[in-house]
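Observations on the three-dimensional arrangement
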Amino acid sequence: MSQVHHLDVAGPALVFSTANDLGYAHTLASVAEAGPVLSAQDLALRAQTTWPRLAPDELIIAPGRGGRL
C-alpha cells in the first residue's frame with residue numbers, strides 16, 4: 001500500500017513551479033527510498049534515490065500518509 005497521495009506531491013510542486021514561472025528561481029528535487037513510487041491513486045511518481053546537496057536554508061517537504069486509515 002502506498003504511503004503518499006498524488007495531490008500531496010503535486011500541490012507543493014505546483015506552488016513552486018508557479019513561483020519559478022514568476023521569477024522566483026529555485027530547484028525542485030523528489031527523493032524516495034526506491035523509485036518509481038506508486039501513489040495511493042496508482043500513479044507512478046518518478047524520484048531520485050540520492051539526496052541533492054542541501055544548503056542550511058533549504059526547504060524539505062515530506063508528503064505521506066501517517067497512521068492508520
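Residues numbered from 1 in each chain as written. Predicted model: local features only at pLDDT ≥ 70, side-chain atom pairs only at ≥ 80, totals over all residues. Heavy atoms only, no water.

What about the overall build of the protein?
Spelled out, the test is: Helix and strand definitions here come from DSSP, where helices need a minimum of 4 consecutive H or I residues and strands a minimum of 2 consecutive E residues; each element is numbered from the N-terminal end. Accessible surface area values rest on a Shrake-Rupley calculation with a 1.4 Å probe, where residue burial reflects the displayed protein chains alone.
Assigned secondary structure in the protein consists of 1 helix and 2 strands. The secondary structure elements of the protein, listed N-terminal to C-terminal, are α-β-β. Split by element, the accessible area of the protein, about 5800 Å² in all, is 57% carbon and sulfur.

Digging into the environment of serine 30
Rule in force here: Burial classes: relative accessible area under 20% of the type maximum marks a residue as buried, over 50% as exposed, and values in between as partly exposed (1.4 Å probe, protein chains only). Any two residues whose heavy atoms approach within 4.5 Å are treated as being in contact.
Tracing the backbone through its elements, the reader meets serine 30 in the loop between α1 (6-21) and β1 (37-38). A relative accessible area of 39% places serine 30 in the partly exposed class. For the pair serine 30 and alanine 47, spaced 17 residues apart in sequence, the C-alpha separation works out to 4.8 Å. Other than its neighbours up to four places away in sequence, serine 30 contacts Arg46, Ala47 and Gln48.

Notes on the confidence of the model for the protein
Convention followed: Confidence scores here are pLDDT values: one per residue, from the predictor, ranging 0 to 100.
For the protein, mean pLDDT is 87; residues scoring 70 or higher make up 90% of the total. At the low end of the mean pLDDT range in the protein sits β1, at 88; at the high end sits α1, at 93.

Some thoughts on a nonpolar patch on the surface
To keep things clear, this is the line we draw: Patches here: salt-bridge-free residues with over 30% relative accessible area, like charges joined within 9 Å, nonpolar side chains (Val, Leu, Ile, Met, Phe, Trp, Tyr) joined within 5 Å. The salt bridge definition used is simple: a Lys or Arg side-chain nitrogen within 4 Å of an Asp or Glu carboxyl oxygen.
The grouping of Trp51, Leu54 and Ile60 at the surface amounts to a nonpolar patch, some 350 Å² of accessible area in total. Inspection of the secondary structure puts isoleucine 60 in the segment after β2 (44-45). Taking the relative accessible area as the measure of exposure, isoleucine 60 reaches 52% and is therefore exposed.

Looking at α1
We apply this condition: By this rule the span expected of a helix is its residue count minus one, scaled by 1.5 Å.
With 16 residues, α1 should reach 22 Å at 1.5 Å per residue; the first-to-last C-alpha distance of 22 Å fits that figure. Positive backbone phi, approximately 100°, marks glycine 23, located one or two places after α1.

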